[in-house]
Amino acid sequence: MNSAFEFWVFALDDLANIALHARTDDEAAEIAHALRSTFNEVIRKAKSEHPAVCLCCDHVFAPPNAPPFAFGLVLEMFPDRTKEDRQAVGTGICRRCLDRPDFMDLVKQSLQEAYPGVTMREMRLDS
Ligand SMILES: [Zn+2]
């Protein structure tokens, strides 16, 4: 299994700029698809007994605190283009964590726990 991933962060009000940040149209479509899936999942869970939580803290994305202020996406760095979908994992991020100066350190720590030994390339997009 390929163990190189890149991490993207999109603030909710920056989603319209996906096409500007992506390197190719395919990548823009993949990111938009992954963000839409993540958004739908967070909203679906918000009404359940087990709402989604922030990637870096225990902030719960349930009314009145849904949707997340930002979204993080973990994408394969070298996707297999012969497959239909690029492997992607999305998560919500609260404003308090996004504003922390050590935010990327928190993310790396969380991701290292989830994917031991991965190579991470960060992409932080501030609007
Ligand atoms: Zn948080």
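Everything numeric here is computed off the predicted structure, so don't read it as measured data. Sequence order as written defines residue numbering, which begins from 1 separately in each chain. Where totals are concerned, whole chains, interfaces and linings use all residues; where local detail is concerned, this predicted model gives features only for residues with pLDDT of at least 70, and gives and counts side-chain atom pairs only at 80 or more.

Visitor: Before we move on, can you summarise the environment of Asp 14 with the specific residues and values?
Guide: Locating Asp 14 in the fold gives a position in the loop between strand 1 (4-11) and helix 1 (18-21). Any residue with 12 or fewer other C-beta atoms within 10 Å of its own C-beta is exposed, any with 20 or more is buried, and the rest are partly exposed; the C-beta atoms used are placed from the backbone. Since 16 C-beta atoms lie within 10 Å of it, Asp 14 is described here as partly exposed. As for Asp 14 and Ala 70, which are separated by 56 residues in sequence, their C-alpha atoms are 8.8 Å apart. Each helix is a run of DSSP H or I of at least 4 residues and each strand a run of E of at least 2, with the numbering of both proceeding from the N terminus.

Visitor: Describe in detail the nonpolar core, supporting the description with residues and values.
Guide: By convention in this section, buried Ala, Val, Leu, Ile, Met, Phe, Trp, Tyr and Cys residues joined through C-beta atoms within 7 Å make up a nonpolar core. Ranked by internal contacts, the top residues of the largest apolar core, which has 23 residues, are Trp 8, Leu 73, Ile 93 and Cys 97. Secondary-structure elements contributing two or more residues to this core are strand 1, helix 2 (25-46), strand 2 (70-76), helix 3 (95-98) and helix 4 (103-114). Any residue pair is listed as a contact if its two C-beta atoms, each placed from the backbone, are within 7 Å. Discounting chain neighbours no more than four positions away, the residues touching Cys 97 are Cys 54, Cys 56, Cys 57, Phe 103 and Leu 106.

Visitor: Account for the environment of Ala 66, naming residues and giving values.
Guide: Position of Ala 66 relative to the elements: it lies in the loop between helix 2 and strand 2. Among the residues examined, Ala 66 registers 16 C-beta atoms within 10 Å and is labelled partly exposed.

Visitor: How would you explain helix 2 if you had to name every residue and give the values?
Guide: Every helix has an expected span of 1.5 Å times one less than the residues it contains. With 22 residues, helix 2 should cover 32 Å at 1.5 Å per step; its first-to-last C-alpha distance of 31 Å lies within 8% of that length. Those residues of helix 2 that sit buried are Glu 30, Ile 31, Ala 34, Leu 35, Thr 38 and Val 42. In an axial view of helix 2, the angular spread of the buried residues amounts to 125 degrees, which keeps them on one side of the axis. Across helix 2 from its buried face, at more than 90 degrees, point the exposed residues Asp 25, Asp 26, Arg 36, Asn 40 and Arg 44. Packing partners of the buried residues in helix 2 comprise strand 1, helix 1, strand 2 and strand 3 (88-93). The arc in question is formed by the directions pointing from the helix axis toward the C-beta atoms.

Visitor: Go over helix 4 with me, naming the residues and quoting the values.
Guide: The end-to-end C-alpha separation of helix 4 is 17 Å, in line with the 16 Å expected for twelve residues at 1.5 Å each. The complete set of buried residues in helix 4 reads Phe 103, Val 107 and Leu 111. Considered in projection along helix 4, the buried side chains sweep an arc of 60 degrees and stay on one side of the axis. With respect to the buried face of helix 4, the exposed residues turned more than 90 degrees away are Asp 105, Gln 109, Gln 112 and Glu 113.

Visitor: Let's hear about the pairing of strand 2: which residues, and what values?
Guide: Buried residues dominate strand 2, accounting for six of its seven residues. Relative to strand 2, strand 1 runs antiparallel, the two sharing seven bridges. When the bridges of strand 2 are listed, Ala 11 appears paired with Ala 70. For two strands to count as paired, DSSP must find a minimum of two bridges between them.

Visitor: Requested: an account of unusual backbone geometry, with residues and values cited.
Guide: Going from Pro 63 to Pro 64, the amide bond is cis rather than trans, its omega being 5 degrees. Relative to the helices and strands, Pro 64 resides in the loop between helix 2 and strand 2.

Visitor: Explain the environment of Ala 46 residue by residue, including any values.
Guide: Summarising the element assignment, Ala 46 is placed in helix 2. Accessibility expressed as a C-beta count within 10 Å gives 18 for Ala 46, which makes it partly exposed. Sequence-wise, Ala 46 and Ala 62 are 16 residues apart; in three dimensions their C-alpha atoms are separated by 4.4 Å. Ignoring sequence-local partners within four residues, the contact set of Ala 46 consists of Pro 51, Phe 61, Ala 62, Pro 63 and Ala 66.

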